[in-house]
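As a plain string of letters, each chain reads:
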Amino acid sequence: MRKMPQSAAVISGIQRMVLYETRARYFLVGSNQAQTKHRVLKIDRTEPKDLVIIDDKHVYNAQEVRELLSRLDLGNRTKIGQKGSSGLSRAVSAFGIVGFVRFLEGYYIVLITKRRKMADIGGHSIYKIEDTSMIYIPNDSVRVTHPDEARYVRIFQNVDLSSNFYFSYSYDLSHSLQYNLTLLQRPYELWSSAASSVEEEVPTKSGQDNFDIFEDEGLPTQVVYGLQNEPYYKYVWNGKLLERVKDIVHHDWLMYIIHGFCGQSKLLIYGRPVHITLIARRSSKFAGTRFLKRGANCEGDVANEVETEQIVHDASVMSFTAGSYSSYVQVRGSVPLYWSQDISTMMPKPPIRLDQADPYAHVAALHFDQMLQRFGSPVIILNLVKKREKRKHEKILSEELYPAVLNLNQFLPPDHCIEYIAWDMARYTKSKLCNVLDRLSTIAENVVKRTGFFVNRSDFYCHTLRLDDRWEDMGGHITVNGRMQTGVLRTNCVDCLDRTNTAQFMVGKCALAYQLYALGMIDKPKLQFDTDCVRLFEELYEDHGDTLSLQYGGSQLVHRVKTYRKIAPWTQHSKDIMQTLSRYYSNAFSDADRQDSINLFLQVYQPSEYHLHLWELPTDFYLHQKNTMALLQDRRSYTLWWSEGILSYLPVAYDEVPCEETMKKIKVKKVNHFDESTDTYTEFFKPYELTSFDDTFCIAMTNSAREFMPKTVGVDPSPFTVRKPEETGKSVLGNKSNKEETLLQRKTAASAPPPPSEEAISSTSEDDSEEDRDDDGSVSQRSTPIKLLTESGESSRTQEELLLQTVKEPYGLDLSKFPAEEDLLIYKRFAHLGESQHQVERTEHTNLVNIICLEPVSCFPEDSIYAVSPPQVDSDSRSVFESHVTTGQGQVRPLCREDMLTYREYVKNRYM
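Described in the following lines is the structure provided in the data block.

Basis of the calculations
Residues numbered from 1 in each chain as written. Predicted model: local features only at pLDDT ≥ 70, side-chain atom pairs only at ≥ 80, totals over all residues. Heavy atoms only, no water. Helix = DSSP H or I, 4+ residues; strand = E, 2+ residues; numbered from the N terminus. Buried < 20%, exposed > 50% of the residue type's maximum accessible area, 1.4 Å probe, protein only. Contact = heavy atoms within 4.5 Å. Areas by Shrake-Rupley, 256 points an atom, 1.4 Å probe, with all protein chains shown as cover. Patch = residues over 30% accessible without salt bridge, like charges linked within 9 Å, V, L, I, M, F, W, Y side chains within 5 Å. Salt bridge = Lys/Arg side-chain N within 4 Å of Asp/Glu carboxyl O. Phe/Tyr/Trp six-rings, centres within 6.5 Å; stacked < 30°, edge-to-face > 60°. Lys NZ or Arg CZ within 6 Å of the ring centre and 35° of its normal. Pairing = 2+ DSSP bridges. Right-handed = clockwise from strand over helix to strand, strands pointing away. Expected span 1.5 Å × (residues − 1).

Things to note about the overall build of the protein chain
For step 1, the next point in the chain: Each helix and strand counted, the protein chain has 26 helices and 27 strands in total.
For step 2, the next point in the chain: Taking all 912 residues of the protein chain together, the buried fraction comes to 48%.
For step 3, the next point in the chain: Excluding contacts between residues fewer than 6 apart, the proportion of contacts in the protein chain whose partners are at least 24 apart in sequence is 72%.
For step 4, the next point in the chain: Accessible area for the protein chain stands at about 46,800 Å²; split by element, carbon and sulfur atoms hold 53% of it.

With respect to a nonpolar patch on the surface
For step 1, the next point in the chain: The grouping of Leu433, Tyr903, Tyr906 and Tyr911 at the surface amounts to a nonpolar patch, some 450 Å² of accessible area in total.
For step 2, the next point in the chain: One can find tyrosine 903 in helix 26 (residues 897-911).
For step 3, the next point in the chain: With relative accessibility at 55%, the residue tyrosine 903 sits in the exposed group.

What to know about the packing of aromatic side chains
For step 1, the next point in the chain: Enumeration over the complete set of coordinates arrives at 29 aromatic pairs.
For step 2, the next point in the chain: Above the plane of the ring of tryptophan 471 lies arginine 483, whose end atom (NZ or CZ) is 4.5 Å from the centre.
For step 3, the next point in the chain: Over the ring of phenylalanine 529 we find lysine 509; its NZ or CZ atom is 4.9 Å from the centre of that ring.

Structural notes on the pairing of strand 19 (residues 419-422)
For step 1, the next point in the chain: When strand 18 (residues 379-383) meets strand 19, the two strands line up parallel, connected through four bridges. Residue isoleucine 380 lies in a different strand from strand 19, and its bridge partner there is glutamate 419.
For step 2, the next point in the chain: With helix 7 (residues 395-409) bridging strand 18 and the parallel strand 19, this β-α-β connection has right-handed handedness.

Observations regarding helix 12 (residues 498-518)
For step 1, the next point in the chain: The terminal C-alpha atoms of helix 12, which comprises 21 residues, lie 30 Å apart, in line with the 30 Å expected from a rise of 1.5 Å per residue.
For step 2, the next point in the chain: Count one or two residues on from helix 12 and you reach glycine 520, which has phi positive near 80°.

A word on the pattern of salt bridges
For step 1, the next point in the chain: For the structure shown, the criterion picks out 33 salt bridges.
For step 2, the next point in the chain: Salt-bridge contacts for lysine 626 lead to glutamate 299; the nearest nitrogen and oxygen are separated by 3.9 Å. You can see lysine 626 sitting in the loop between helix 16 (621-624) and helix 17 (660-663) and its partner glutamate 299 sitting in the loop between strand 13 (272-282) and strand 14 (306-314), a full 327 residues away along the chain.
For step 3, the next point in the chain: Taking relative accessible area as the criterion, lysine 626 reaches 51% and is therefore assigned exposed.
For step 4, the next point in the chain: Among the charged side chains, a salt-bridge network with shared partners connects Glu538, Glu542, Asp546, Arg560 and Lys562.

Structure, rendered in structure tokens:
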């Protein structure tokens, strides 16, 4: 019999709340999802500028909380026995507290009033904030007004909390799945000493509340250790808003939110559901908009730093302990140097400047120290900025980053050095001979093999029976329970938007193949383009890239995966231009206001009557660079630049090692196995109430069988089968399902100009925005594929039917039928008339060698409008043509010495 899990994550005991109002106080009544346990928070309204909160430690049941509210209602009426105006009024219903904030007057409370379920991981629901309410706490009678208060409120509310902010009551979104599951898989001995010192023990319950089927049999009650972990504050966006009350209220009142992206899609493998989840966590440190936040600050935090995690799990088994789960993490972020771009010139592409000299790579050391501590080794840098430019621009960053990495590596052990890969992706895109995605696929294969990935189950025996060369070389850390990812890929270009998203997609696609292979879904760890699985994953990644690009750059992606595959429709060029204009407008006119809002929301700037207002500051440089405001107390070593204890556990990340320092961040309590604070089954399925499938499974996620699989009968339903664009349920080139629209597209494409080259497209992009005039890379002029068939029924037609249709459309006649006799007679008369009037005199063949010294390769002995004899071709020409044909069939003849010398000379002149 399988042992019950000895540890489980604690589910928040407050998931619904109601705010009640009196003239002197606010009463915030919170309850669990079953509404069997209630807590009360009392907020004083008589203090004009201070926050006074009293947390009632007592846990109420439903009857007790009703009696409490009725007593409060009765006690706050102006006259005893008065009816009509109530002394206690209900203000708002909510699902969580974002935080408390103060500007120049009193405090506000920000509550989540609407939520939407976005994903489900092992029964743990992830919600997106849909709407919030900001309520002023002090009473009007004690309110001290300030003329600038309203402006601060508008700036604060400019951060749209209903846009890509996420939270969960039972799953720590600030940490990766690998961290959360390895926390549960640690042995019991680690918790015994910690649990014994915890003051909060299991509350004694009545027999009615505590149901245990083994209790009557005299068997011991199953004990579970409930774990509550401290969040990773770098990715928490309301940490400062909750800091004022964190040590005052019960931890169930605290709910941490992340900002970024969350999407989930369902991959059906012959009816077996596999969920693919993409979670992006945006860093709250050195956060801001595109041109206003570049490089790194003095603490090693970089701009536009986003941690992207792809989770694959078998949805047929929900439990974390019994189910199969896999994840892979990669990071994007600005180049970790002191650099910026001056936007005062109103140029689309401002020049890059290095703000401070950092000869010992102090800032880069702080940044990579954070990465080693969180991810382990190896840390792999994929630098995609340009190498060759007529005017130095992006190249400045590479020339500074590479020496910094070399400087740091000389002090690290050779096995754990930072790996640096520099590849000019923009230059390769312009070259006709190079395939960008093939090169990225090679890089991705090497990276995934170096870092490995996380899976919570051991390898299948079939992997041993049928060995795969790729699987044998897989890296990472192998444990009894499965595999762990050690190290991470860090991708960057200049903006970390378009090129970075495509590179991350290719790495994610490679990792997805290994994840599905490890879970036993495919027989080889390799996925092809134009399969339902990859199309579903590509759509998920494009939504991810568009969302992150809007947050940082002000527009959606300009270059997509289809752009680099060179299959994007010709209409995409106009969309790219619009996105570029949108990005330029946002950067020039609205980014400053957005930056002020982010600074105020994250409490980087705290308003005061005695300081300059936020809109009066000439720059926010001093807000993000703390070393400019005070002298450094402790200066880090330039040689031993990593934190203490990190090297001893590498390649495993220090944060995931059960050592004394990491154990301090975890709170442990003993609970009954059936206690609702750790019972995920009861939390998800709610057996205590009448539910419906629509409410329980309410996520409207993309389905591979519904969205991508062809609707025709007899098609292979496997999502790993390569399909043509016209065979799929959702076209790669768009969702045109109307016959007239397709015909119009076909006619328009015939008269349209050729598709824009990659060089032309890159001239409108964010970080590829200026073409290199000195680059000799020729431009690919591949024509845009036109979708001929749109309806699924047409895809089953035979080749003959398609030929008839294409012939009949331009001529209006079916030319494959035999002509009528009347038509043949007319044609014969025409031909006879032509023969009689156009007699050709045939003369002897003139030897042209005596006239001009040219020997034709072939000549026609007989050539007229009536008769043509085949040309005579010499043996050398025949051999060249035969070798060309055999090469096309895959039979390549060995090259001679002259051919090799010619090819070497060509490569030397072209690339070196």
